[in-house]
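Architecture at a glance
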Amino acid sequence: MQLSETIKLYLSKTEYQLVKDTMNTYIAAVNSIVSDAVSSGISISKLTTKDVNANLPSALKNQCIRDARSIVRKYNKAKRDAERKNAKLAKQGKDIKVIATLPVLKKPCCYINNQNFKINGTHIEFPVMVSGKSKRISIRTRMTDEQKSVLLSHKLGTMRIVTKNNSIVAQIVYEAEEPAVPEEGNVMGVDLGIKCPAVSKCSDGSVKFYGNGRKNKAMRRHFAAKRKALQKARHQDAVKHVNDKEQRIMKDIDHKLSHDIVAAAAAHNVKTIKLEQLQNIRSTTRTSRKNNHSLHNWSFYRLAKYIEYKAKRAGIEVLYVDPAFTSQTCPVCGEHQHASDRRYICKCGFQTHRDIVGAWNICNSTEYVGDSNIRHTA
């Protein structure tokens, strides 16, 4: 299992300029390699550091080639997918064309593999270009004792230098042993939603609600109104600032929700967390002017991924189940019944909150959906 640690770099004015130049040159070099490879059709695997026209150390040129190869591979896959979709649309008589756009990296950063950086006490050493020559610089950091222990006791992967919240940080990947999933334990079903961000139902009978959907919607409305006013005044930089601020807040909320869900699972001796596979929810759900904006801003995928990786660290497996009728099926008699508002009332007499019904059915479900969307029954 790959995890990462983020470490703030404390740079002098000279070091700051060297690192910023390296990050900008790195991104420009990757974009140039990708553009040349796509336009000329030359295989990137044949490139060497001599072919990369950039003021970078050889180690970083090699990493540029690797990153460019990965981007071109993804672009070629997107092109093939677009061709298949266009052929399908043409058969249906639709005059619509899907176009695969070539990705262009914009955010300054650089990647350095584990052979070319070194952690030396409270400093990180890595190569940059100084007066046309490759030279290792030693940058001061402020690592916690836990970070030092983790990075010294694990196999390190790639280091990414990037700007975060107006500071330059190093994000270092390391290999951690994945805890073994226990053979016995409870099962938890988690129903993700908009009004109630998450509801869990455990096989031991415990139920818990997480987050505040009304507060989240009010926050999104607030930022949407600010964006609208700024767009009307043509303050594009301010619009981007508002967007970034909203995303930071919503990511923080999702991190806290996933932490609370996994903590509750650990407290109830849960071995498996079950989530709905909501991959195509936006295209299959009935929408209205009232809930359309909320549905398209719902970060269900991000929250699910946060739950997944936090659960792995806690030794809990995550499985995805078919979401069909989970909020309409009575967990007592099995009949389908539409809920009236947030209250679910079945003809058999059973009644409870609609999201509890969803979490209950997810917990009991054995119809799993894998990454390939192929259903199989346990």
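None of the values given here were measured: they were computed from a predicted structure.

Taken in spatial order, the seven strands line up as E2-E6-E7-E1-E5-E4-E3 in an open sheet, and their pairing is antiparallel. The two strands at the open ends of the sheet, each matched to only one other strand, are strand E2 (109-112) and strand E3 (118-120). The mean inter-strand angle of the sheet, taken between neighbouring strand axes irrespective of direction, is 40°. One ladder, built from four bridges, connects E2 with strand E6 (residues 155-164); its direction is antiparallel. Paired with Cys109 across the two strands is Val162, which belongs to E6. Contacting E2 and strand E4 (123-130), helix H2 (residues 58-91) runs over the sheet at an angle of about 105° to E2.

Looking now at the side chain of Arg220. With respect to the helices and strands, Arg220 occurs in helix H4 (residues 213-232). The exposure class assigned to Arg220 is buried, which follows from its relative accessible area of 11%.

Interhelical geometry of helix H1 (residues 13-40) versus H2 gives an angle of 45° and a closest axis separation of 9 Å. Of the possible angle classes, the one that applies to H1 and H2 is oblique. Helix-helix and strand crossings are classified by hand; for H1 and H2 the assignment is right-handed. Contact residues: H1 offers Thr22, Tyr26, Ala29, Val30, Ile33, Val34, Ala37 and Val38, while H2 offers Leu60, Gln63, Cys64, Ile65, Asp67, Ala68, Ile71, Val72 and Tyr75. Taken together, the residues of the contact of H1 with H2 break down into 14 nonpolar, two polar and one charged.

Let us now look at the nonpolar core. Ile124, Phe126, Met159, Ile161 and Ile172 are the most contacted members of the largest nonpolar core, which totals 46 residues. In terms of residue count, H1 provides more of this core than any other element does, nine residues in total. Excluding residues that lie within four positions of it along the chain, Met159 makes contacts with Cys110, Tyr111, Ile112, Phe117, Ile124, Phe126, Ala170, Gln171 and Ile172.

Applying the stated rule across the entire model yields three aromatic pairs. Ring centres 6.3 Å apart and planes at 90° place the aromatic pair Tyr306 and Tyr309 in the edge-to-face group. Residue Tyr306 and its partner Tyr309 are located together in helix H8 (residues 300-313), separated by three residues, close to a single helical turn. The class of Tyr309 is partly exposed, set by a relative accessible area of 33%. Considering the side-chain rings of Phe350 and Trp360, the 5.6 Å spacing of their centres and the 80° angle between planes classify their relative orientation as edge-to-face. Taken together, the residues Phe350 in the loop between strand E13 (343-345) and strand E14 (351-353) and Trp360 in helix H9 (residues 354-364) connect sequence positions 10 residues apart. The exposure class assigned to Phe350 is buried, which follows from its relative accessible area of 15%. Taking the relative accessible area as the measure of exposure, Trp360 reaches 24% and is therefore partly exposed. Above the plane of the ring of Trp360 lies Lys201, whose end atom (NZ or CZ) is 4.6 Å from the centre. Taking NZ or CZ as reference, Lys310 lies 5.2 Å from the ring centre of Tyr306, over its face.

What follows deals with the pattern of salt bridges. If the charged atoms of two oppositely charged side chains come close together, the side chains can form a pair. What the rule picks out here adds up to eight salt bridges. Lys77 is paired through a salt bridge with Asp81; the nearest N and O atoms lie 3.3 Å apart. With Lys77 and Asp81 both in helix H2 and four residues apart, the pair spans about one turn of that helix. Linking Lys240 and Asp244 is a salt bridge whose minimum nitrogen-to-oxygen distance equals 3.2 Å. With Lys240 and Asp244 both in helix H5 (residues 236-267) and four residues apart, the pair spans about one turn of that helix. For Lys240, a relative accessible area of 53% corresponds to the exposed category. Residues joined by salt bridges that share partners form a network here, namely Lys77, Asp81 and Arg84.

The rules we used
Residues numbered from 1 in each chain as written. Predicted model: local features only at pLDDT ≥ 70, side-chain atom pairs only at ≥ 80, totals over all residues. Heavy atoms only, no water. Pairing = 2+ DSSP bridges. Helix = DSSP H or I, 4+ residues; strand = E, 2+ residues; numbered from the N terminus. Axes fitted to C-alpha atoms, helices over the stretch in contact; angles between N-to-C directions. Contact = heavy atoms within 4.5 Å. Buried < 20%, exposed > 50% of the residue type's maximum accessible area, 1.4 Å probe, protein only. Parallel < 35°, antiparallel > 145°, perpendicular 65-115°, else oblique. Left-handed = near helix turned anticlockwise from the far one by under 90°. Nonpolar A, V, L, I, M, F, W, Y, C, P; charged D, E, K, R; others polar. Core = buried A, V, L, I, M, F, W, Y, C linked by side-chain atoms within 4.5 Å. Phe/Tyr/Trp six-rings, centres within 6.5 Å; stacked < 30°, edge-to-face > 60°. Lys NZ or Arg CZ within 6 Å of the ring centre and 35° of its normal. Salt bridge = Lys/Arg side-chain N within 4 Å of Asp/Glu carboxyl O.

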